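Analysis of the macromolecular model
The lines below spell out each chain.
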Amino acid sequence: MQNPLPPLGLYVHWPYCARICPYCDFNVVRDRGRTDEQAALADAIIADMTAHRTLTGPRRLLSIFFGGGTPSLMDPAAVARVIETAKALWTPEGDLEISLEANPTDAEAGRFEALADAGVARLSLGVQALDDASLKLLGRNHDAGSARRAIATAARLFPRLSVDLIYARPGQTDAAWREELAEMLAYGPEHVSPYQLTIEAGTAFDRAVGRGKIVPPDEDLAAQLFETTQEVLEAAGFDAYEVSNHARGPAARSRHNLVYWRGVDYVGVGPGAHGRLTLAGGKVATTARLKIADYIAAVARDGTGFDREDLTPVEAAEERLLLGLRIDDGVAFTEMAALELSPDTPKVKSLVEAGLLADDPVRLRATRQGRLLLDRLTGVLAT
Ligand SMILES: C[S@@+](CC[C@H](N)C(=O)[O-])C[C@H]1O[C@@H](n2cnc3c(N)ncnc32)[C@H](O)[C@@H]1O
Ligand code: SF4
C-alpha cells in the first residue's frame, strides 16, 4: 500500500487591527470599518483554500489557526464559513484544534460567544500586561480592567484558553513580573505564552529606543526575567515545551504551533501568509500576496493568492533545525542528513560538552541553557 499523504494544519491570516501597536511588525492594517473589503477578503481566503486543496490532495486536518492582526474582529459568520470549508476540503481529525487570536477589549469580549458558536474552541488572548501603565506604554487599546474581564469571559466560553504576555518591558522589575504572572495564573489558563519584548526594526519602538525615549531592560535583567518566567510557571505545573510556550500538561500544548515546530505541513491563506507543503517528495514554500488589495485581486484573476518556491534539501533541513531546536523534543538526526549532522559530528559533540545540546543519540535537542542561546547554536550547526 502507498504511504498516505502527510496531514496538515491551516493558518488563516486576518490583518485588521483596531489600533497598530508601536512594537508590532506583523502584516497588519488599521481597521477602518471597510466591511465591503473585509467580506471580499473572507471570500478570497475561502477561494484560496480551495486552490490549495488541488495542490495538497486529500489530507487529514490537524488544526486551524486564525491569526493576525486581530481575527477577533472578523465577522463570526465568516469564521464559521472558513471552518466549514476547511472541514469539507480536508478530513478533520477527531481532535481537530480550532484556535483564534483575540484582543481583550470589552467590545471584542462581547463577540466571544458568537466566535465560540462559529466553532472556535481555543482562544489565544493577547493580554500582554495586567497593569494600566504598562498597557499604555505598549500602546494597547485595552486597560487592565478589560483584560481581567476578557480573561474571565474567555475562561467561561472556551474549553481551552491561552494567554499571551509581553515581558522585559521598559521599567519592569522582577518582583512586579512575579506578581503579574501569579495573578494571571489565578485565572486558570491551560497555556501561557510569555514573549520577551523584541524591538523590531522599523517599528515606532525602534525609533523611540533610537531617540532614547524608551530604554528596554539590559541583557542581565532580561535573562533574569526569563529565568523567573521558567521558575514561576514550572512551579505552577506548566512545562516549557517551547522557548516561549508553556502548557499545563501535553494535552494543553498548541497542536497548531507544534505543526510548525515539528516540520508538519501547513497551508497558509490570507495576506502575507506562509505555507509549507511536502509535494512529490520535496518541500514547497508558499507565500501569499502581502497587501490586502493585491491578494484579493490575485485570487480573482488567477484563482490563487500565493507564489510557490521549491526548497532545496539543505534549505528544508536548515529550517527544520531552526524550528526543531525551539521545542524540548528537538529534531531527529535522521532529518538532518542534508546538513551532515549526526551524534558523532565534531561540532555536535563539542556543543554537547559545552552543555548546549543534550547527550542524545537519536535526537538533536537543545538544553535549557542552549535554548537561551538558540541563534548561536543554529549558527554553528547550520554552517
Ligand atoms: C500577532 S500578535 C496577534 C495577537 C493580537 N492581535 C494581540 O496583539 O493581542 C501575537 C502575539 O505576538 C506578541 N508580540 C507581537 N509583537 C511582539 C514584539 N515586538 N515583542 C514581543 N512579543 C510580541 C504579542 O504577545 C501578541 O499577543
Ligand atoms: S500586536 Fe496585535 S493588535 Fe497590536 S498591531 Fe500587532 S497584531 Fe495588531
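For clarity, every value in this text was computed on a predicted model and none was experimentally measured.

Procedures and definitions
Residues numbered from 1 in each chain as written. Chains lettered and ligands numbered in written order. Predicted model: local features only at pLDDT ≥ 70, side-chain atom pairs only at ≥ 80, totals over all residues. Domains from an automatic or database assignment. Contact = placed C-beta atoms within 7 Å. Nonpolar A, V, L, I, M, F, W, Y, C, P; charged D, E, K, R; others polar. Near = placed C-beta within 6 Å. Helix = DSSP H or I, 4+ residues; strand = E, 2+ residues; numbered from the N terminus. Buried ≥ 20, exposed ≤ 12 C-beta atoms within 10 Å, placed from the backbone. Expected span 1.5 Å × (residues − 1). Arc of directions from axis to C-beta.

With that settled, the discussion passes to the domain arrangement of the protein. Splitting the protein by domain gives domain 1 (8-259) and domain 2 (312-383). Here domain 1 and domain 2 have C-alpha centroids that lie 28 Å from each other. With four residues of domain 1 at the contact, the number on the domain 2 side is six residues. Within the side of domain 1 that touches domain 2, the residues separate by chemical class into three nonpolar, no polar and one charged.

Quick look at the site of ligand 2 now. As a matter of local geometry, ligand 2 sits amid Cys-17, Ile-20, Cys-21, Cys-24, Phe-26, Val-28, Gly-68, Gly-69, Thr-70, Asn-103 and Gly-126. A class-by-class count of the residues in the shell around ligand 2 yields six nonpolar, five polar and no charged.

As a further point, take the site of ligand 1. In the neighbourhood of ligand 1, 15 residues make up the surrounding shell, with Tyr-23, Gly-126, Asp-164, Tyr-195 and Thr-198 lying closest. Within the residue set of the shell around ligand 1, elements represented by two or more residues are strand S6 (122-128) and strand S7 (160-167).

So, about the environment of Lys-349. For Lys-349, the location among the structural elements is in helix H13 (residues 346-353). Assessed through the 14 C-beta atoms surrounding it within 10 Å, Lys-349 is described here as partly exposed. Through-space distance from the C-alpha of Lys-349 to that of Leu-125 is 41 Å; in sequence the pair is 224 residues apart.

Taking 1.5 Å of rise per residue, 14 residues should cover 20 Å, and helix H2 (residues 76-89) covers 20 Å from first to last C-alpha, within 8% of that figure. Taken together, the buried positions of H2 are occupied by Ala-78, Val-79, Val-82, Ile-83, Ala-86 and Leu-89. Considered in projection along H2, the buried side chains sweep an arc of 140° and stay on one side of the axis. Across H2 from its buried face, at more than 90 degrees, point the exposed residues Ala-77 and Ala-88.

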